[in-house]
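The lines below spell out each chain.
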Amino acid sequence: MVALSTVRAHNASLKNLGPGLVAVFVGGTSGIGLYTAREFVRYTISPTVYLVGRNETQARQVIQELSLINPSGKFQFIKTDASLLRGVDSACEVIQQKESQINLLFLSCGIFTLKGRDDTSEGLDKKFSLHYYARMRFINNLIPQLTQATSSKSSTSALSRVITVLGAGHETKIDLGDLDLKHKYSLNSCDVHATTMSSLIVEGLASRYPSTTFIHTYPGIVKSGISREAGPIVGRLVRAIMFLGRPWMVGEQESGERHLYVATSGRYPCSMSRGQSRVDSVESRRGAYLVNWDGSEVGNRRLLDEYHTSGAGRKVWEHTEEMFQTVLKGV
């Protein structure tokens, strides 16, 4: 566990990175994305922040708040439906037109639902798309800007990170013959596939792009707006559970502080960094981290090692690219 005092001391030092850090928060108008964006803006000099989401009214309020926290920052909301890969592409195009480099891509978009499979107009289950496919599409599109952040010798170039907030440490066996769950969909299988596939992919991406750190986190129990589309009955149930679980919950500010620490700390270097702080003899894992809410590393290593050895990790990425091509055919 990383002590909260250590987290706060590190975050207070972020001004040493200099001005002009660029961050993209997908799902940044509520929940963990918002909590982290607040802390990022609080502790950096003249940052540029892109908030990607659907709620324009909420975004305006968030931008007003962020502007008060850091008047020298630049903030822009990009309205899009991130459950659609075409929506992801349109958001990325806006960012790419304005930014040649990105220091942080923070992915926390998601929904809580008790529905069965709920296909979008692109044929992907909405929950599965938000928790996995859309996030991978953001990474795939913005990796040139992320790697560019380390190509110059400016002080801000030292930071290039991707954070996906989901279920690190809860990896379970997946159905390699039905990765998109077209045949055997359930809410549990969706959670399992999104979690395990995310852990496999961040490790694969780290070996492919050694100047960027890739991190999959488990945030613990945190108050968020993830149940906003679950309907009034389920929404009330979730709120009741949150109320009863308060003694075990991670506070909003602490969640933001801890995720900012993970997003910027030297404890999690990219694979090309010298003086690796982690003890790990497996080269392909360097630069990729599965992190618990308290900053400690987690992960079902036995299962993930087995999947990497058997080539399952490569198969998952090939499947992901095939889904991109299938969904976006003709675009």
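Whatever comes next refers back to the structure up there.
Along each chain, residue indices are assigned from 1 in the same order as the chain's sequence is written. Local features in this predicted model are restricted to residues whose pLDDT is 70 or higher, and side-chain atom pairs enter the listing and the counts only when it is 80 or higher, whereas totals over whole chains, interfaces and linings include all residues. Excluded from the side-chain calculation are hydrogens and water; included are all heavy atoms of the structure.

A.B. asks: Whenever I open this one, the overall build of the protein chain confuses me. Can you help?
C.D. replies: Counting secondary structure elements, the protein chain contains 10 helices and seven strands. Expressed as a percentage of its 331 residues, the buried residues of the protein chain come to 56%. Should any heavy atoms of two residues lie within 4.5 Å, those residues are considered in contact. If you take every contact in the protein chain between residues at least 6 apart in sequence, the share linking residues at least 24 apart comes to 77%. Only the protein chains shown count as cover for residues, with accessible areas throughout obtained via the Shrake-Rupley method and a probe of 1.4 Å. When the accessible surface of the protein chain is totalled, it reaches about 14400 Å², and 52% of it is carbon and sulfur. We count a stretch as a helix when DSSP gives it H or I for four or more residues in a row; a strand needs E for two or more, and each element gets its number in order from the N terminus. Under the scheme applied here, a residue whose accessible area is under 20% of the maximum for its type counts as buried, over 50% as exposed, and between as partly exposed, the area being computed with a 1.4 Å probe on protein chains only.

A.B. asks: Which parts of the structure should I look at to understand helix 8 (residues 252-264)?
C.D. replies: Since the α-helix turns once every 3.6 residues, residues separated by three or four places project in the same direction. Residue count minus one, scaled by 1.5 Å, sets the expected span of a helix. Its 13 residues give helix 8 an end-to-end C-alpha distance of 19 Å, which sits within 8% of 18 Å, the value for a rise of 1.5 Å per residue. Counting buried positions along helix 8 gives 10 out of 13 residues, so the element sits mostly inside the fold. Every buried residue belonging to helix 8 is among Ser255, Gly256, Glu257, Arg258, His259, Leu260, Tyr261, Val262, Ala263 and Thr264, and all of these are buried. Close packing links the buried residues of helix 8 with helix 1 (4-12), helix 2 (31-43), strand 4 (104-107), strand 5 (161-165), strand 6 (213-217) and strand 7 (288-291).

A.B. asks: Which parts of the structure should I look at to understand the environment of serine 83?
C.D. replies: As for its placement among the helices and strands, serine 83 is situated in the loop between strand 3 (74-79) and helix 4 (85-98). Judged by its relative accessible area of 2%, serine 83 falls in the buried class. Serine 83 sits 26 residues away from cysteine 109 along the chain, and the two C-alpha atoms are 8.8 Å apart. Among all residues touching serine 83, those that are not within four sequence positions of it are Thr120, Glu122, Lys126, Ser129 and Leu130. Side-chain polar atoms of serine 83 contact the side chain of aspartate 81, separated by 2.7 Å. Two N or O atoms form a polar contact when they lie within 3.5 Å of each other; inside protein one atom must be a possible hydrogen donor and the other a possible acceptor, and for residues adjacent in sequence the pair counts only when both atoms belong to side chains.

A.B. asks: Can you help me understand the nonpolar core in this one?
C.D. replies: Nonpolar side chains tend toward joint burial in soluble globular proteins. Membership of the largest hydrophobic core comes to 58 residues, with the highest contact counts inside it found for Val26, Leu105, Tyr132 and Phe138. A total of 11 residues in this core trace back to one element, the largest contributor, which is helix 5 (residues 126-148). Judged by nonpolar contacts, the second largest core, of 37 residues, contains Tyr43, Leu66, Tyr261 and Tyr289. In plain words, nonpolar cores are sets of buried Ala, Val, Leu, Ile, Met, Phe, Trp, Tyr and Cys residues tied together by side-chain atoms within 4.5 Å.

A.B. asks: Which parts of the structure should I look at to understand the sheet that holds strand 7?
C.D. replies: The strands making up a sheet associate through backbone hydrogen bonding, with each pair oriented either parallel or antiparallel. Should DSSP find at least two bridges between two strands, the strands are regarded as paired. Spatially, 3-2-1-4-5-6-7 is the arrangement adopted by the seven strands of the open sheet, whose pairing is parallel. A strand with exactly one partner marks an edge of an open sheet, and here the two such strands are strand 3 and strand 7. The average undirected angle you get between the axes of adjacent strands in this sheet is 15°. Of the strand pairs in this sheet, strand 4 and strand 5 are connected by four bridges, and their pairing is parallel. Residue pairing for strand 5: phenylalanine 106 is matched across the bridge by isoleucine 163. Only C-alpha atoms enter the line fits that serve as axes; for helices the fit covers just the stretch in contact. Angles between N-to-C directions range over 0 to 180 degrees. Running over the sheet, helix 2 touches strand 1 (22-26), strand 2 (48-53), strand 3, strand 4 and strand 5 and is turned about 165° from strand 1. Sheet strands in contact with helix 3 (residues 56-69) are strand 2 and strand 3, and its direction is about 170° off that of strand 3.

A.B. asks: Just to check I follow, could you spell out the pattern of salt bridges for this structure?
C.D. replies: Pairing is possible between side chains of opposite charge, provided their charged atoms come close. We count a salt bridge whenever a side-chain nitrogen from Lys or Arg sits within 4 Å of a carboxyl oxygen from Asp or Glu. Applying the stated criterion across every chain yields a total of 13 salt bridges. Its salt-bridge partner being glutamate 257, residue arginine 8 comes within 3.1 Å of it at the nearest N-O pair. A residue pair is termed long-range when its members are at least 10 positions apart, and arginine 8 in helix 1 and glutamate 257 in helix 8 qualify at 249 residues. Looking at glutamate 257, the relative accessible area reads 2%, which means it is buried. One network of salt bridges, with partners in common, ties together Arg117, Asp119 and Lys182.

A.B. asks: Sorry if this is basic, but what is going on with the pairing of strand 5 here?
C.D. replies: Of all five residues in strand 5, five are buried; the element is thus mostly enclosed. Across the two faces of strand 5 the burial is the same, with Arg161, Ile163 and Val165 and Val162 and Thr164 all buried. With five bridges connecting them, strand 5 and strand 6 associate as parallel partners. By the bridge assignment for strand 6, valine 162 is matched with phenylalanine 214.

A.B. asks: Which parts of the structure should I look at to understand the packing of helix 1 against helix 8?
C.D. replies: For any two helices packed against each other, the geometry is given by the interaxial angle and the distance between the axes. Where helix 1 contacts helix 8, the axes come no closer than 9 Å and their chain directions differ by 65°. For the crossing formed where helix 1 meets helix 8, the hand is left-handed. Contact residues: helix 1 offers Leu4, Thr6, Val7, Arg8, His10 and Asn11, while helix 8 offers Glu254, Glu257, Arg258, Leu260, Tyr261 and Thr264. The classification used treats Ala, Val, Leu, Ile, Met, Phe, Trp, Tyr, Cys and Pro as nonpolar, Asp, Glu, Lys and Arg as charged, and all other residues, Gly among them, as polar. Classifying every residue of the contact of helix 1 with helix 8 gives four nonpolar, four polar and four charged. Throughout, a crossing is termed right-handed when the near helix is turned clockwise from the far one, and left-handed when it is turned anticlockwise from it by less than a right angle.

A.B. asks: For this particular structure, what's the right way to read unusual backbone geometry?
C.D. replies: Only a minority of non-glycine residues have a phi that is not negative, and only a minority of peptide bonds are not trans. Here serine 46, not a glycine, exhibits a phi torsion of approximately 45°, which is positive. Inspection of the secondary structure puts serine 46 in the loop between helix 2 and strand 2. Phi angles above zero are rare outside glycine, and leucine 181 is one such case at about 55°. Relative to the helices and strands, leucine 181 is located in the loop between strand 5 and helix 6 (187-208).

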